[in-house]
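Close look at the chain arrangement
Next come the chains, spelled out residue by residue.
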Amino acid sequence: MTADITRLSATDLAAAIAAGTISSIEATTAHLERIEAVDGDVHAFLHVDADAALAAAGRVDAKRQAGEQLAPLAGVPVAVKDNIATKGTPTTAGSRILEGWVPPYDATVVERLRGDDLVIIGKTNLDEFAMGSSTEHSAYGPTHNPWDLQRIPGGSGGGSAAAVAAYEAPLALGTDTGGSIRQPASVTGTVGMKPTYGGVSRYGALALGSSLDQIGPAARTVLDTAALHDVLAGHDRRDSTSLTGEWPSFTDAALTGRKEDSVRGLRIGVPKQIADGAGFEAGVTQRFQEALAALEERGAVISWIETPHFEYAVAAYYLIMPAEASSNLARYDSVRFGLRVTDASATTVEKVMSATRSKGFGDEAKRRILLGTYALSAGYYDAFYGSAQKVRTLVQQDFAAAFADVDVLAAPTSPTTAYKLGEKAEDPTAMYLADLTTIPANLAGVPGISVPGGLAPENGLPVGIQFMAAARDDARLYTVAAALEQTLEDRWGGPLLAQAPQLKAGAR
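Residues numbered from 1 in each chain as written. Predicted model: local features only at pLDDT ≥ 70, side-chain atom pairs only at ≥ 80, totals over all residues. Heavy atoms only, no water.

Ranked by size, the top nonpolar core spans 49 residues in total, and within it F129, F361, F399, L409 and L443 carry the most contacts. Those elements giving two or more residues to this core turn out to be α11 (313–328), α13 (363–376), α14 (381–403), β9 (408–412), α15 (428–432) and α16 (439–444). Counting residues per element, this core draws most heavily on α11, which supplies 10 residues. Discounting residues that sit within four places of it in the chain, L443 has contacts with L212, A313, Y317, I320, R392, V395 and Q396. (Core = buried A, V, L, I, M, F, W, Y, C linked by side-chain atoms within 4.5 Å. Buried < 20%, exposed > 50% of the residue type's maximum accessible area, 1.4 Å probe, protein only. Helix = DSSP H or I, 4+ residues; strand = E, 2+ residues; numbered from the N terminus. Contact = heavy atoms within 4.5 Å.)

Now the structure itself:
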């Protein structure tokens, strides 16, 4: 029974809880037992509070027994990336500098989860302060891909993606600064959505790049991802970048995608500059072309379009993001926030600060802080940071021009499938290129979603297909993603994750 419960989609589990055939306590217990069985090998979670989760589940069951009308996902377990504040539960951002910090408040998205009676079961692992594409840069050890425990689960949100792929949670929250929800979804065979910038409140997310960061949902199906997005979306007065206005039902948009003619006449553009096959693994290109053909068979119109400045997006991003990170992480200085390291040599504030930041931050965080500080320094600001912002404007103009001719853009989510742990440890630039196709959406603030596109023939590992749309057009992405998902699953005879190796305790 436990295995059956953890294999249910979030929407099916919610329906069973609403019908009374499964209690929230039973659902929560099943997922906690799954975590106990396999997370020693996967290491998706940094903190699990079983008592708090079971208490929350008990409250949901009591409300239902009392006849209260509850939200659609009430009683369903959810995991939260550990750079999102959770009151009473440690939030470390994967860094020693925040080890043991327990927030006195909830992030807005966490408030909304609790308000809809979802059950938070734990905090997931990530690259330190979301700086990475592999979840190897966590101060608490790497997360492992459930498809192959010797491979990376993507990053920075590899913990959330791995938790979903390993059936440890049906839903999870992530943050996406340059692809940190979508790229992990791609390499774990799951679904991940970066909403329009400002569409989901960032209040309570520990900032990396404030003009780029976006909280979003992760799940195993497009419908589940849409249902969680419905919980998260909406204006928040505490976030000055939060968009006003109502959002359509993303759940309805996903359900529309399952209809026969849902994408007939939909104009899908393929950016020549990022999806021409250069730098992509052969299996990634093959599955992407097959996905386009599948949508074309359903009536979509495919065209190749020019996005001349996309090829400069990675370079611009790795100046803008480190610059913002350098500023945001300056607060962790031993005086205002975080760890404090003192010894006999720490005789001044400056020396205490230096000792603290040297010990508290890992190598990748230090690398990006140094790069950002340099880019912002006198004499280099205009040449580096200023120029990168100009490129950002050109990328935004490319999107605007593209969406004048097409409804959505499509590309492989990642140029490669999951590589082996440690394979790119000595080559940070190679790791940065994992975000080649995801970064443009963050620079422009537009939404993007990754859905499973099949397995690469050369290694049997998942390939992700990404769709991007104009700002505020998130619902359209759920429709096209659901259409592709249904078409491919009909061919496969079920979800892609059904083809994943079965995890067993002590497998690694």
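Having seen the structure, we can now continue with the description.
Right, let's get into the environment of D239. Its place among the elements puts D239 in the loop between α8 (222–232) and α9 (250–257). Distance in space between the C-alpha atoms of D239 and R202 is 6.4 Å, their sequence separation being 37 residues. Non-local contacts of D239, meaning those with residues more than four positions away in its chain, are made with V200, S201, R202 and Y203.

We now examine the UniProt feature "active site" (unreviewed entry) in the chain. The UniProt entry lists K81, S156 and S180 under the feature "active site" (unreviewed entry), expressed in the numbering used here. These residues run over 100 residues, yet every pair of their C-alpha atoms falls within 10.9 Å of each other. Relative to the helices and strands, S156 resides in the loop between β3 (119–124) and α6 (158–165). For S156, a relative accessible area of 0% puts it in the buried group. (UniProt positions renumbered as here; feature names shortened; annotations may be inferred.)

What follows covers helix α12 (residues 349–360). For α12, built from 12 residues, the straight-helix expectation of 16 Å at 1.5 Å per residue is met to within 8% by its first-to-last C-alpha distance of 16 Å. Listing the buried residues of α12 in full gives V352, T356, R357 and G360. Angular distribution of buried residues about the axis of α12 spans 120°; they occupy a single face of the element. Those residues of α12 that are exposed and aimed more than 90 degrees away from the buried face are E350 and K359. (Expected span 1.5 Å × (residues − 1). Arc of directions from axis to C-beta.)

To continue, consider unusual backbone geometry. Looking along the chain, the bond that leaves G155 and enters S156 is cis, with omega of 5°. In this structure, A93 takes a positive phi of about 55° despite not being glycine. Assignment of secondary structure puts A93 in the loop between β2 (77–81) and α5 (108–115). By relative accessible area, which is 0% here, A93 ends up buried. Within the chain, R472 stands out as a residue other than glycine whose phi angle is a positive 75°. By the element assignment, R472 lies in the loop between β11 (462–468) and α17 (474–492).

All right, on to the sheet that holds strand β5 (residues 191–194) then. Strand order in the open sheet formed by 11 strands is β1-β3-β2-β4-β6-β5-β10-β11-β9-β7-β8, and the pairing between neighbours is mixed. The outermost strands of the open sheet, each flanked by one partner alone, are β1 (45–48) and β8 (301–305). Pairs of neighbouring strands in the sheet enclose a mean axial angle of 30°, with direction left out of account. When β2 meets strand β4 (residues 171–175), the two strands line up parallel, connected through 2 bridges. Residue A79 lies in a different strand from β4, and its bridge partner there is A172. Those strands touched by helix α3 (residues 24–42) are β1, β2 and β3, and its axis lies near 20° from that of β3. Across the face of the sheet, α8 comes into contact with β4, β5, β6 (215–219) and β10 (448–455) while running at roughly 150° to β6. (Pairing = 2+ DSSP bridges. Axes fitted to C-alpha atoms, helices over the stretch in contact; angles between N-to-C directions.)

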